[in-house]
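Tertiary structure, described
So you can see what is in the structure, the chains are spelled out below.
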Amino acid sequence: MPFRSRRNVSSSKASGARRSSAKLWGIAAGGAAVVTAAGVVVSLTTGTPPAAAPSASAPAHSAPQASGEGVRELNGVPVGYSHTRSGAKAAAANYVMVAGSSRFLTDEDARHRSVAVMAAKDMAGAAAKKADQAAKDAVGSLRGDTSKVSAEKAIARTGVLSAHVLGFDAHGAMVRLWTTTVRGSAAGHATPKTGFQSVTVTLTWESNDWKLKDSSASTGLVAPIDVRQASNVPGDFSDYVPAAAEDPVLSGAEDRSGFPAPYGHDERGARAAAVSATMLYGDPRFFTNEDWRHRMLSATAASSVLHSVTSDTDSTARLVMENRGVGADGTTADGSELITRTAALATRSISYSDQAASVELWTASVGGVAGKDETQRPQVAFLRMTVDLVWEDGTWKTTAVTPSEPLVPSPPAMQEAAPADSFADVGGASNAPATA
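All of the points below concern the structure found in this document. (Residues numbered from 1 in each chain as written. Predicted model: local features only at pLDDT ≥ 70, side-chain atom pairs only at ≥ 80, totals over all residues. Heavy atoms only, no water.)

Attention now goes to the overall build of the chain. Scanning the chain from N- to C-terminus turns up nine helices and twelve strands. The burial tally for the chain puts 57% of its 436 residues in the buried class. A total of about 16600 Å² of accessible surface is found on the chain, and carbon and sulfur atoms cover 51% of it. (Helix = DSSP H or I, 4+ residues; strand = E, 2+ residues; numbered from the N terminus. Buried < 20%, exposed > 50% of the residue type's maximum accessible area, 1.4 Å probe, protein only. Areas by Shrake-Rupley, 256 points an atom, 1.4 Å probe, with all protein chains shown as cover.)

This is the structure in structure tokens:
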């Protein structure tokens, strides 16, 4: 399995990082995408378009909000979004992650409290009934091969790989998400299973926040698991049971450069910075747009590593582009499109102080090329990543992103992988999810 050892982002490691990235990107052979010196596996996704959406009129804008200040939590539900497209994307994603969590699916009282926070006033009753039915349908998937569900051992995580705004105005929004889920139990002998969904979320702007009007789900694009990754045993997932790890919280808050706004000087802010860094390293623009990549690194990397990580990522991006035959527009000569995206499934704090933090993420990444060549079809890879950060210039900046042992669920049951060309619908910057 790839990436067994810890690697800091430093010039002394650059050549080894380039070799590892090249190998995983299939520069010597085909395979899933992996990003740069940080070693982040990359990915992307989304589902089928629904019908009627709010009008695509000009977006309402508000002043940028600092992560950790705008979005807060109420009854376990993130609230307090900006009145923007990014804010709507973040609300849709967080509500889907909450609705897919173990607590929501196994605890009726907690579920109803969460629904009361998420749902629009005129939809609260119907939303509670719908949530109860969804929990009834899903709870069996948390049992594994044990006789009954153990809420303490349940694995229920959702990663948002893609988000596309289907409609937006001052009063409402409709957002289509492509998600990957992992459900099962850390007890017993059956490895938790992954799945893919296309979820359409309809929101309304109410009480100065985005509230849930409706949602619908169907099977999303199915990406095969990276052929080099074997499924783990159930006990390996123990670090990601409800008491051991948290779902990421996306805010959608951006500064005027379009990158995440400064993070709060606390543990929650450090977690958010770690989540955003891995998502941004997995964006297709990381490979295809040098200016975007350099601005992103300036926004997220600590000054002590900025020079070396910039040099290393430039080299890796060139290798990937040359190997895949991808031009500056992100497409090959025959019009096939580079597809990459990384989602965080869960976060765990390893250490924290006022000046430094270390956060472990469980990530799902999709990478490949959408086109007629099935050997280039996007694949999904599951890695644990450790992100080291320092407090610098009024925010959290990364000093290292270190991959460790993969944590791989079983593939979707009875589902065939989608054709390579079907992934073209999820490419491009407009499908990028909101960051934390």
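The subject of this paragraph is unusual backbone geometry. At Asn75, a position not held by glycine, the phi torsion is positive, near 50°. On the secondary structure map, Asn75 appears in the loop between β3 (72–74) and β4 (77–79). A positive phi is found at Ser207, a non-glycine position, where the angle reads about 55°. What makes Ser207 exposed here is its relative accessible area of 57%.

Here we take up the sheet that holds strand β5 (residues 154–168). The antiparallel open sheet is built from four strands, whose spatial order is β5-β6-β7-β8. This sheet does not close on itself; its edge strands, each paired only once, are β5 and β8 (209–219). Ignoring strand direction, the axes of neighbouring strands in this sheet form an average angle of 25°. Pairing analysis gives 13 bridges linking β5 to strand β6 (residues 172–185), with the strands arranged antiparallel. (Pairing = 2+ DSSP bridges. Axes fitted to C-alpha atoms, helices over the stretch in contact; angles between N-to-C directions.)

Under the 1.5 Å per step criterion, the end-to-end length of helix α5 (residues 124–138) is 21 Å for 15 residues, consistent within 8% with the ideal 21 Å. Buried within α5 are the following residues: Ala127, Ala128, Ala131, Ala135 and Ala138. The buried residues of α5 all sit within an arc of 100° when viewed along its axis, so they share a single face. Those residues of α5 that are exposed and aimed more than 90 degrees away from the buried face are Lys129, Lys136 and Asp137. Where α5 is buried, its residues meet α3 (102–106), α4 (108–118) and β6. (Expected span 1.5 Å × (residues − 1). Arc of directions from axis to C-beta. Contact = heavy atoms within 4.5 Å.)

A few words now on the packing of α4 against α5. Two elements in contact, α4 and α5, have axes separated by 9 Å at closest approach and are oriented at 140°. The angle between α4 and α5 places the two elements in the oblique class. Helix-helix and strand crossings are classified by hand; for α4 and α5 the assignment is right-handed. The residues of α5 that touch α4, namely those facing Glu108, Arg111, His112 and Val115, are Ala124, Ala127, Ala128, Ala131, Asp132 and Ala135. Residue composition of the contact of α4 with α5, by class: six nonpolar, one polar and three charged. (Parallel < 35°, antiparallel > 145°, perpendicular 65-115°, else oblique. Left-handed = near helix turned anticlockwise from the far one by under 90°. Nonpolar A, V, L, I, M, F, W, Y, C, P; charged D, E, K, R; others polar.)

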